[in-house]
Amino acid sequence: MNLPPPPGPAPKHHVLSVLVENRAGVLARVASLFARRGYNIFSLAVAPTQDERFSRLTVVVDVESAPLEQVVKQLNKLINVIKISELDPRDSVERELVLLTVRANAEQRQQVLSLVELFEGHVLDVSVDELTVTAEEHPSRLDDFEELLRPFGIVDIQRTGRVALPKLEPGGVGSNRH
Amino acid sequence: MVTNGGSALIKALELEGVEVMFGLPGGAILPVYDPIIDSPIRHILVRHEQGAGHMAEGFAHATGRPGVAMVTSGPAATNIVTPLCDAYMDSVPMVVITGQVPTPAIGTDAFQECDTVGITRSVTKHNELVTRAEDIPLVIRQAFHIATTGRPGPVLVDIPKDIVDPANPRSALDWYWPTDAEVASSLPGYKPTTKGHAKKIRDAAELILSARRPIIYAGGGILKARAAEALRELAELTDISVVTTLMARGAFPDDHPLCLGMPGMHGNYTAVTAMQEADLLIALGSRFDDRVTGKVDAFAPEAKVIHVDIDPAELGKVRRPDVPIVGDCRLVIEELVTALRDLSGGDIAAAQPDRSTWRSTISGWQERYPLVYEQSAGDDLLKPQFVLEQLWERAPEDCIVASGVGQHQMWTSQYWRFNHPYTWVNSGGLGTMGFSVPAAIGAKVGRPDRMVWAVDGDGCFQMTAQELVTAATERIPVKVAILNNAYLGMVRQWQEMFYDERYSEVYLSPDLPDYVKWSEAMGCVALRVESPEEVGPAIDKANEIDDRPVVLEFRTDSNEKVFPMVPAGRSNSDIVVDPSQPQPGGAQ
Ligand SMILES: Cc1ncc(C[n+]2csc(CCOP(=O)(O)OP(=O)(O)O)c2C)c(N)n1
Ligand SMILES: [Mg+2]
């Protein structure tokens, strides 16, 4: 696919990568620091890392930078939080996955399929008048995917939330990891 | 050695050096109360779980060691939420153990079940629900480690009944005691920074050596870091005056010529104004609380700020420091003194600019605006300030004083002369009415060698007075001075000044309850004091009693207000002094 590079997330969005202990209650601790201040968590993805004792959370929040700095410091105070970095979209790689059920009768099916193909997606399920498809892309590309399918009629959608890691330095190992 | 969770828990407390704990049993925690009978730990049975929490806090304030409280599940856990929040706000090291319903019953709305870790998450430094008996020794060690290191605070450990009940096979464990290294490696996310950054310390020293109007703004962190001596050395070497916040009273001696006393909403004129006019604030373990800064945008407008705190989240939270230093106050001050010596070639005084004008400005303020009140003789009502002066004069130098929250608290902080660290036990951040009686009891348990006074309001007293039954039963001879002004005085003061004297729901009555009869019924010696001549003799009499609690009820003037005062939300430059003094510019 040959499209221009994806724009970053909206300026108010901040992406935090939070390494935490993989144990009960940790997610609630993290989430409640945002909730207490009335900040909305826009998206959230959690899974264990290569070391099963730890999980990585990718949190996208809608906050101005100054209050975010305070929240990050408060997050750092949580005993179960190991490390936090804010990921600048320009210095990180980001992906998201979507499952989407869209209306598509026999006539529309071809049009939907060509969009799925354009986004390097797959068909997971099919019925006479609906398709369930998946795509895995940069989050802003998934926004486009969703927009393009909307006219057909989206029946159901589940996105995973953004996951992100810092970009590698071409020159060396781990040099961009904070 | 095979043991059970309940015995392991008590043994773990013993090994952590716990000598006394405060609590009250109930269904879910029953199995842990059984081994207490055979333990050397002294358990003090409270009359309300809030009392247990504040006693643990008072113990910690007075001794520097963590206070320990143990209560059952559900309503007992919710009763101790206020002390947890209080300890969290004031960075008090405390470990609270709560019972919980058996693991299989959790989440079923079982009898006396509540989500204790959920409820207390935001008012503890850390909390933990233990789900396996074999985790108990490690979790207890972690709790004490977390509560007492870094920025101290309360830690809660929630223990389901099945893992401590010897009748349940889930309570069996092989005893082990984790090493320090095991505790540290079990907490990969917890590494408090204690040593200050060398470059930043040098920057701070340079700022100090060039400041013309510097002030040391000492906070409760000085006491937590046991840095009172280091602070004194720094102040004396640099000849810089010190303000001590409500949480830091006693961290620097009030009688020291460099001490300016308490700043803030009810601070004295000189402390407030010296901060306001300073060109350098050296904030040591203080947190720019809104009660200190007044309107933040107008606070100390010309001051550069050096901010030292062990909690990185405090740096820049309210005021962006020019030199932020994360570290333990004692270590950083010591490093700072070394840096000052190095930079000045040994003679710190000679390396600093001439500050004689600043010094004479400060002493001018002190002369113009001392704290004032007028006690008339005869049958007039007592002035609370007079009572406090008398209490202080008649108490030994190292007497510990606790207070409730309200006008009486501010007068205590203003009129008591604190010359020793750890003699002031107070609820600053949360401002918890009812704190003083149980906190004084905890302090007396921790320091039986010291005289302990609680200065309480009539409103506060009615919130936790029942703990005097605990004190009488356990022979803890605390002394309580009730400043009975028949009002929720502090609220009345705001209604008088800011709500056109429309008094809404603040009247309490001087006679109901009858404080003397009530105190006597709780096993105390009690006296009512109504005239100025009676004050001294009554205090002397109370000071002589050492085998039971004493309560003195002082009938005080409800019209008396706390001054100076910076009205809430206003700039510290708008400080209002006592009406008998000329109002400084800016105030009405
Ligand atoms: C638990 C609690 N409830 C309410 C308040 C609000 N409050 C602050 S001071 C005060 C009045 C305290 O009255 P009293 O104990 O008689 O002390 P006084 O101000 O009269 O000296 C009140 C109601 C509080 N701080 N704590
Ligand atoms: Mg009162």
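All values derive from a computational prediction rather than experimental measurement.

## Remarks on the environment of Val308(B)
All names here are of chain B. Within the fold, Val308 resides in strand S13 (residues 304-309). On the basis of relative accessibility, which here comes to 0%, the residue Val308 falls in the buried class. A sequence separation of 20 residues divides Val308 from Asp328, and the C-alpha atoms of the two residues are 8.0 Å apart. Setting aside residues up to four positions removed in sequence, Val308 forms contacts with Ala283, Leu284, Gly285, Ile325, Gly327, Cys329 and Val332.

## What to know about the packing of aromatic side chains
Residues and elements named next belong to chain B. This model, assessed by the stated rule, comprises 16 aromatic pairs over all chains. Measuring from ring centre to ring centre gives 6.4 Å for Phe22 and Phe59, while their planes differ by 65°; the resulting arrangement is edge-to-face. Within this pair, whereas Phe22 is found in strand S2 (residues 20-24), its partner Phe59 is found in helix H3 (residues 49-63), the two being separated by 37 residues in sequence. Both residues of the pair, Phe22 and Phe59, belong to the buried class. Through pairs of rings, three or more aromatic residues link up here, namely Tyr269, Trp358, Trp365 and Tyr369. Over the face of the ring belonging to Tyr422 we find Arg226, whose NZ or CZ atom lies 4.1 Å from the ring centre. Of note, Arg492 hangs over the ring of Tyr487, and the distance from its end group to the ring centre comes to 4.5 Å.

## Observations concerning the sheet that holds S13(B)
All names here are of chain B. Spatial strand order, S11-S10-S9-S12-S13-S14: six strands in an open sheet with parallel pairing. The sheet terminates laterally at strand S11 (259-261) and strand S14 (323-326), the two strands that pair on one side only. Taking the axes of each pair of neighbouring strands and ignoring which way they run, one obtains an average angle of 20° across the sheet. In this sheet, S13 lies alongside strand S12 (residues 280-284) in parallel orientation, the contact comprising five bridges. By the bridge assignment for S13, Leu284 is matched with Val308.

## Observations regarding the domain arrangement of chain A
Residue and element names in this part refer to chain A. Split by domain assignment, chain A resolves into domain 1 (13-86) and domain 2 (93-164). Inter-centroid distance (C-alpha atoms) of domain 1 to domain 2 is 29 Å. Domain 1 puts seven residues into the contact, and the matching count from domain 2 is six residues. Interface of domain 1 and domain 2: buried area, both sides summed, is about 460 Å²; carbon and sulfur atoms make up 55% of it. It is Val15, Ala45 and Thr58 in domain 1 that bury the most area against domain 2; as a group they hold 58% of the surface buried on that side. In this structure, the connection of domain 1 to domain 2 is made through zero salt bridges. For the pair domain 1 and domain 2, the number of links is one residue pair in polar contact (both at pLDDT 80 or more).

Rules of the game
Residues numbered from 1 in each chain as written. Chains lettered and ligands numbered in written order. Predicted model: local features only at pLDDT ≥ 70, side-chain atom pairs only at ≥ 80, totals over all residues. Heavy atoms only, no water. Helix = DSSP H or I, 4+ residues; strand = E, 2+ residues; numbered from the N terminus. Buried < 20%, exposed > 50% of the residue type's maximum accessible area, 1.4 Å probe, protein only. Contact = heavy atoms within 4.5 Å. Phe/Tyr/Trp six-rings, centres within 6.5 Å; stacked < 30°, edge-to-face > 60°. Lys NZ or Arg CZ within 6 Å of the ring centre and 35° of its normal. Pairing = 2+ DSSP bridges. Axes fitted to C-alpha atoms, helices over the stretch in contact; angles between N-to-C directions. Domains from an automatic or database assignment. Buried area = accessible area lost by both parts, 1.4 Å probe. Salt bridge = Lys/Arg side-chain N within 4 Å of Asp/Glu carboxyl O. Polar contact = N/O pair within 3.5 Å; in protein donor to acceptor, adjacent residues only side chain to side chain.

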